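# Report on the structure
Listed below are the residues making up each chain.
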Amino acid sequence: MNAALYRHFARPFAVEPVPDPEPPEDGVVIAVRATGLCRSDWHGWMGHDPTIALPHVPGHEFAGVVAAVGSGVRGWATGDRVTVPFICACGACAQCAAGDQQVCPNQTQPGFTHWGSFAELVAIDHADQNLVRLPDGVDFATAASLGCRFSTAFRAVVDQGRARAGEWVVVHGCGGVGLSAIMIAAALGARVVAVDIREPALELARELGAEVALDARRGDMAPTILERTGGGAHLSLDALGSTETCRASIQSLRPRGRHVQVGLLLGKDEDPPLPMGRVVAQELELLGSHGMQAHRYDALFQMMEAGLLEPQRLVRERITLEEAPEALAALGGFAPVGVQ
């Protein structure tokens, strides 16, 4: 098969022939029909993820068709149309038994712990726990866009954030995760405030349901948010992942509000100073959110089928596998608005 393979971190790479993967005994090989290009892939290529061993094939948001099945797999057959959460669970630990596969301590992640989906074929283990069957009406590109950014936002807004109709929801950072969160919160009937430093991203946020769009280049947005929301957000998400956006999210909350940290905090932002005095005095909740379980995709598909969610609106650009290495390297600057 052909795959985008890098042999060194942070250096140019290209598509080249590599051996076809074999299905694990409990897994499958999937013929990739579409894959997303996410900033997390850029972090991996830069050497920020200690689980990556070189040489490596990136890519963790994908959809396709089952091409080969391991002898221990019971629920899947060749030809099945599928997608996969970017966190693949073991199915045997206490967390998996409780339905919390997104925090499985034995998790694997395609594109990080093993070769990913910037390839014609990708192998996935524990298929009976991790594969998600695609409804007939969901095309491969839309399904691939769900794999990390949209499903992550869904769990952050719906499960962790517990957003409700009429509440104010503030989203800091209008990249793929943030724009997904805006669409989801608006679909639930929440009143959404979008915060970013790029006017094209803010314009798309308005199109997706944001009632208020604020340009963070104008300074501290917390006082403006407190004023525009009549006392602060019920729920605020840091969808970017930086010291500044994390603190801004917490400062934007009303008493007993909920902050959800969705964007990864890496490097110098790994351990940010937080306004814990405010957290205590106003009984704020600080929550993390990490991916989404395979069994929760049905709720997402139901909202899509009802016309409440249209993740395909976020797919703004399509590129070939051969173009992927250069496009990934370019994510070191501002990512394109929407999803590639």
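For the structure, check the block above.
The following refers to the structure shown.

### Comments concerning the overall build of the protein chain
When its secondary structure is counted, the protein chain shows 11 helices and 13 strands. The C-alpha atoms of the protein chain give 20 Å as radius of gyration, which agrees with the globular expectation for 340 residues (20 Å, within 12%). Expressed as lengths along the three principal axes of its C-alpha atoms, the size of the protein chain is roughly 60 × 40 × 35 Å. Counting across all 340 residues of the protein chain, residues that qualify as buried make up 54%. When contacts within the protein chain are restricted to residue pairs at least 6 apart in sequence, long-range pairs at least 24 apart make up 71% of them. In the structure as shown, the protein chain presents an accessible area of about 14,200 Å², 51% of it carried by carbon and sulfur atoms. Here the protein chain contributes 27 positive and 39 negative side-chain charges, whose respective centroids are spaced 7 Å apart.

### A few points about the sheet that holds strand E4 (residues 62-69)
Here 5 strands make up an open sheet; going across it, the order is E6-E3-E4-E5-E7 and the pairing antiparallel. Each end of this open sheet is capped by a strand with a single partner; those strands are strand E6 (121-124) and strand E7 (132-133). Here strand E3 (residues 28-35) pairs with E6 via 4 bridges, running antiparallel. Among the inter-strand pairings, Ile-30 is bridged to a residue of E6, identified as Val-122.

### Quick look at the packing of aromatic side chains
Scanning all chains against the criterion turns up 4 aromatic pairs. Seen from their ring centres, Tyr-6 and Phe-13 are 5.3 Å apart, and the 75° between their planes marks the pair as edge-to-face. Both residues of the pair, Tyr-6 and Phe-13, count as buried. Relative to Trp-45, the ring of Phe-13 has its centre 6.3 Å away and its plane inclined at 45°; by these criteria the two rings are tilted. Taken as a pair, Phe-13 in the loop between strand E1 (2-5) and strand E2 (14-17) and Trp-45 in helix H1 (residues 39-46) lie far apart in primary sequence, 32 residues in all. Overall, Trp-45 belongs to the buried group, its relative accessible area being 8%. A connected cluster of aromatic rings, assembled from ring pairs, spans Tyr-6, Phe-9, Phe-13 and Trp-45.

### Notes on the sheet that holds strand E10 (residues 210-215)
An order of E10-E9-E8-E11-E12-E13 is seen for the 6 strands of this open sheet, with the pairing classed as parallel. Each edge of the sheet is formed by a strand with only one pairing partner; in this case those strands are E10 and strand E13 (285-288). Each strand axis lies, on average, 20° off the axis of its neighbour in the sheet, ignoring direction. Inspection of the sheet shows strand E8 (residues 168-172) paired to strand E11 (residues 233-238) by 4 bridges, in the parallel sense. Pairing of Val-169 across the sheet is with Leu-235, part of E11. Of the strands in this sheet, strand E9 (191-196) and E10 touch helix H6 (residues 199-207), which is tilted by about 170° from E10. Helix H8 (residues 243-251) contacts E8, E11, strand E12 (253-261) and E13 of the sheet and is inclined by roughly 150° relative to E12.

Quick notes on the rules
Residues numbered from 1 in each chain as written. Predicted model: local features only at pLDDT ≥ 70, side-chain atom pairs only at ≥ 80, totals over all residues. Heavy atoms only, no water. Helix = DSSP H or I, 4+ residues; strand = E, 2+ residues; numbered from the N terminus. Rg over C-alpha atoms; globule rule 2.2 N^0.38 Å. Buried < 20%, exposed > 50% of the residue type's maximum accessible area, 1.4 Å probe, protein only. Contact = heavy atoms within 4.5 Å. Areas by Shrake-Rupley, 256 points an atom, 1.4 Å probe, with all protein chains shown as cover. Lys, Arg positive; Asp, Glu negative; His and termini not counted. Charge placed at Lys NZ, Arg CZ, Asp CG, Glu CD. Pairing = 2+ DSSP bridges. Phe/Tyr/Trp six-rings, centres within 6.5 Å; stacked < 30°, edge-to-face > 60°. Axes fitted to C-alpha atoms, helices over the stretch in contact; angles between N-to-C directions.

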